[in-house]
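# Secondary and tertiary structure notes
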Amino acid sequence: MDIKAYIKTGILETYALGMTNEEETLEVETLLAQYPELRAELESIEMGLEAFALKQAILPPPSLKEAVLNKINGQEPTKKDAKKTTKLNYLPTVFLVILSLVLAVLAVWLYLQNNTAKNDIDQLKKEIRACEATQTSQKQLAENELTEKNKLITLLIQENTSKIVLVGTENHPDMKAIVYWNKDSKETFISGVGLPKPMPNQDYQLWAIVDGKPLNLGLVANIEPSILSQMKSVSEPQAFAITLEPKGGSVAPTLENMVTMGPV
Amino acid sequence: MATEQKISEQELITALQNKDSKAVSLLYDQYAAALFGVIFRIVKSKTLAEDVLQEVIVKIWENIGLYDPQKGRFLAWMLRIAHNKSIDLVRSNAYKQTELNTESEENCPEIGMETTNIDAIGIKELLNKLSPEYQETFRMAYFEGYTQVEIAEALNIPLGTVKSRIRIGLRELRKFAAV
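Residues numbered from 1 in each chain as written. Chains lettered and ligands numbered in written order. Predicted model: local features only at pLDDT ≥ 70, side-chain atom pairs only at ≥ 80, totals over all residues. Heavy atoms only, no water.

### Re the overall build of chain B
- A tally of helices and strands in chain B yields 9 helices and 0 strands.
- From first element to last, N terminus to C terminus, chain B shows the α and β order α-α-α-α-α-α-α-α-α.
- When contacts within chain B are restricted to residue pairs at least 6 apart in sequence, those whose partners lie at least 24 apart make up 62%.
- Roughly 9200 Å² of accessible area belongs to chain B as shown, and the carbon and sulfur atoms make up 51% of that amount. (Helix = DSSP H or I, 4+ residues; strand = E, 2+ residues; numbered from the N terminus. Contact = heavy atoms within 4.5 Å. Areas by Shrake-Rupley, 256 points an atom, 1.4 Å probe, with all protein chains shown as cover.)

### Here's the deal with the nonpolar core
- In terms of nonpolar packing, the biggest core is built from 73 residues, with B:Leu16, B:Leu35, B:Leu53, B:Phe74 and B:Met78 touching the most fellow members.
- If we skip the residues at most four places from it in the chain, B:Phe74 touches A:Glu50, B:Glu9, B:Leu12, B:Ile13, B:Leu16, B:Leu27, B:Tyr31, B:Ile64 and B:Tyr67.
- One finds A:Ile164, A:Ala208, A:Met231 and A:Val234 within the second-largest nonpolar core, a separate group that totals 20 residues. (Core = buried A, V, L, I, M, F, W, Y, C linked by side-chain atoms within 4.5 Å. Buried < 20%, exposed > 50% of the residue type's maximum accessible area, 1.4 Å probe, protein only.)

### Structural notes on the packing of aromatic side chains
- Tallied over the entire structure, the rule returns 10 aromatic pairs over all chains.
- Their ring planes at 90° and their centres at 6.4 Å tell us that B:Phe138 and B:Phe143 sit as a pair that is edge-to-face.
- On the accessibility criterion, B:Phe143 (6% relative accessible area) is buried.
- Here B:Lys19 stacks its cationic end above the ring of B:Trp61, 4.4 Å away from the centre of that ring.
- Over the ring of A:Tyr15 we find B:Arg80, and its NZ or CZ is 4.8 Å from the ring centre. (Phe/Tyr/Trp six-rings, centres within 6.5 Å; stacked < 30°, edge-to-face > 60°. Lys NZ or Arg CZ within 6 Å of the ring centre and 35° of its normal.)

### Re the pattern of salt bridges
- Counting across every chain of the model gives 13 salt bridges over all chains.
- Across the pair A:Lys149 and A:Glu145 runs a salt bridge whose closest N-O atoms are separated by 3.4 Å. Here the residue A:Lys149 and the residue A:Glu145 both occupy positions in helix 6 (residues 79–156), the gap between them amounting to 4 residues, near one helical turn.
- Judged by its relative accessible area of 48%, A:Glu145 is partly exposed.
- Its salt-bridge partner being B:Glu50, residue B:Lys46 comes within 3.8 Å of it at the nearest N-O pair. Of the two residues, B:Lys46 and B:Glu50 both sit in helix 3 (residues 46–63), 4 residues apart, roughly one turn of that helix.
- By relative accessible area, B:Lys46 is classed as partly exposed at 35%.
- Each of A:Glu43, A:Glu50 and B:Arg73 takes part in a single network of salt bridges with overlapping partners. (Salt bridge = Lys/Arg side-chain N within 4 Å of Asp/Glu carboxyl O.)

### Comments concerning the packing of helix 2 (residues 22–43) of chain B against helix 4 (residues 74–91) of chain B
Residues and elements named next belong to chain B.
- Taken N-terminus to C-terminus, the directions of helix 2 and helix 4 make an angle of 35°; their axes are 9 Å apart at the nearest point. The interaxial crossing formed by helix 2 with helix 4 has right-handed handedness. In contact with Leu 27, Tyr 31, Ala 34, Leu 35, Val 38, Ile 39, Ile 42 and Val 43 of helix 2, helix 4 contributes Phe 74, Leu 75, Met 78, Leu 79, Ala 82, His 83, Ser 86, Ile 87, Leu 89 and Val 90.
- The residue makeup of the contact of helix 2 with helix 4, split by class, is 16 nonpolar, 2 polar and no charged. (Axes fitted to C-alpha atoms, helices over the stretch in contact; angles between N-to-C directions. Left-handed = near helix turned anticlockwise from the far one by under 90°. Nonpolar A, V, L, I, M, F, W, Y, C, P; charged D, E, K, R; others polar.)

### As for the interface of chain A and chain B
- On the side of chain B, 57 residues touch chain A, which itself brings 48 residues to the contact.
- At the boundary of chain A with chain B, total buried surface from both sides reaches about 5300 Å², with 64% on carbon and sulfur atoms.
- The largest per-residue losses of area from chain A upon contact with chain B belong to A:Phe52, A:Lys55 and A:Ile58, which jointly make up 15% of the total buried on that side.
- Linking B:Arg73 and A:Glu43 is a salt bridge whose minimum nitrogen-to-oxygen distance equals 2.9 Å.
- Our count for the chain A to chain B interface comes out at 17 residue pairs in polar contact (both at pLDDT 80 or more).
- Among the elements of the structure, helix 1 (3–8), helix 2 (11–16), helix 3 (22–34), helix 4 (36–55) and helix 5 (63–75) of chain A are those that each provide at least two residues to the side of chain A that touches chain B.
- Take the side of chain A that touches chain B: its biggest share by element is 16 residues, from helix 4 of chain A.
- Residues that form the side of chain A that touches chain B fall into these classes: 25 nonpolar, 10 polar and 13 charged. (Buried area = accessible area lost by both parts, 1.4 Å probe. Polar contact = N/O pair within 3.5 Å; in protein donor to acceptor, adjacent residues only side chain to side chain.)

### Considering the layout of surface pockets
- Its volume calculated, the second largest pocket comes out at about 460 Å³.
- The wall of the second largest pocket is formed by 18 residues, among which A:Glu29, B:Trp77, B:Arg80, B:Ile81 and B:Asn84 lie closest to the centre.
- Contributing elements (two or more residues each) for the lining of the second largest pocket: helix 3 of chain A together with helix 3 and helix 4 of chain B.
- Per-element tally for the lining of the second largest pocket: the top contributor is helix 4 of chain B, with 6 residues.
- Its residues assigned to classes, the lining of the second largest pocket comprises 5 nonpolar, 6 polar and 7 charged. (1 Å grid on protein atoms, 1.4 Å probe; cavity = no way out; pocket = protein on both sides within 12 Å on 5 of 7 lines; lining within 4 Å. Points joined across faces, edges and corners; volume = space filled by probe spheres on them.)

And the structure:
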C-alpha cells in the first residue's frame, strides 16, 4: 500500500472534517489501524482543526450548562445507581422466577402423587369388594354344602334307608362300592370307596335291576372315598350293579364289564 | 500543555466511559466553548446553536463507547460530531425556510457573547493569506456544509481540485497548532 499516494488523495482531510461516507470511513479506519504513518498524518491534520476551533471558541451562555447536565442526568443514572437499581430489580425477579418454578414442580409432583394415591385406593377398594364377594360366595357354598350334608346324614340314618354293598364280580373281585337307597324317598346315593380310577376312555355306570331289567341310574363321576354322590332315584330295585362303560356311558349295560353287584 | 491535556483527557474519557455523570461537567468546562464556536459559525443563530450544543454533548455522552484513539484525536472526534450535527441542521428543509443570510465571519462574535480568544481577527487574517479560491473552497466545506461534489459542481472545477484545495487549506490550519 502506497501510503504517501493515499495521503495525497486528501482522503484524510475529508475524514477529519467528518465528510467521508460510510464506505470511505470504514476504509480509512481500517487503514489507520494498520499504518502508523497514516495515524501520524491524521494527527497533524486534526491538531490543526482543533487549534482552529479553539481559536474561534465562543463561550455558551452560563445557563446552558445546567440544562445540558440535567438532560444527561435525566437520561442515565450514574453507574453506581444503575448498578444498585439493576441489582435490586434483578434479585426479586430471579427469586420469584425460581420460586414459581419450584412451586410449579411441587404442584405437578403433588398432583401425580394424588393421582397415584387415588388409583391405589380405587385398586384396594376393588380388591376388598372382590374379597368380600369371594368370601360371601364361599360362605354360601359352605352353607349350601353343610345343608346338603345334613340332609344326607338325616336321610342315611333313617330306618328306611338300606345300605347295599356291591361286591366285586368274578373278573373284578377286589372292587367294591356302597349304595344307599331310601325306600320312601326313592333317592339313591353311592360311595365309590372301592373303585379304582377308570381308564381315560371309560366311565363307571350305575344300574338298578327292576323287574329283571337294568335301569340307568347315571355315571359314577366321583369315586373319592368320602364322597357320596346322589344318583337317579329308583322305585323298586332288586339289585344294583356297576359296569365299566365307554366314556359318556351306554344305553344298556355291557354285562361282560360288570364290576360290582349287590342285591337289595 | 499537550502532556497535561493528555493525562486529564485519558482520565476524562475513562470516566465518561464508566458513565460517571460528574465527568460531563468537566467535559463541558473544557470543551463546550470550542464546540459552540464551530456550531455557532455554521448555524448562525444563538438559539439554534444552544440546541445543537445540547444535542452534541448528549451524543458524545451516549457514544463515548465508540470513541477509539486509533481512529483519531478526542477533541477532533467531538468536533466532527458538532460539525455534522450543525451541517445536518443547515441542510434541513426547516432551516432553509428560515434562512439567515449573514456571512459567518462578519457575524462573529455576536452581541452578548464572548470569545475565549480575541484572535478572531487572526483567523480572518490567516484565511485571507490563502488565495481566494482556497478560502472559498474551505469556507464552503467547513462552514457551509457543502459536500465536495457539490463544491465541484458549484465552482465548476474537478473534484480532485476541490480535494487538493481542502488539503492545502487544512495544512494552513496546522500553523495554529504550532503556536
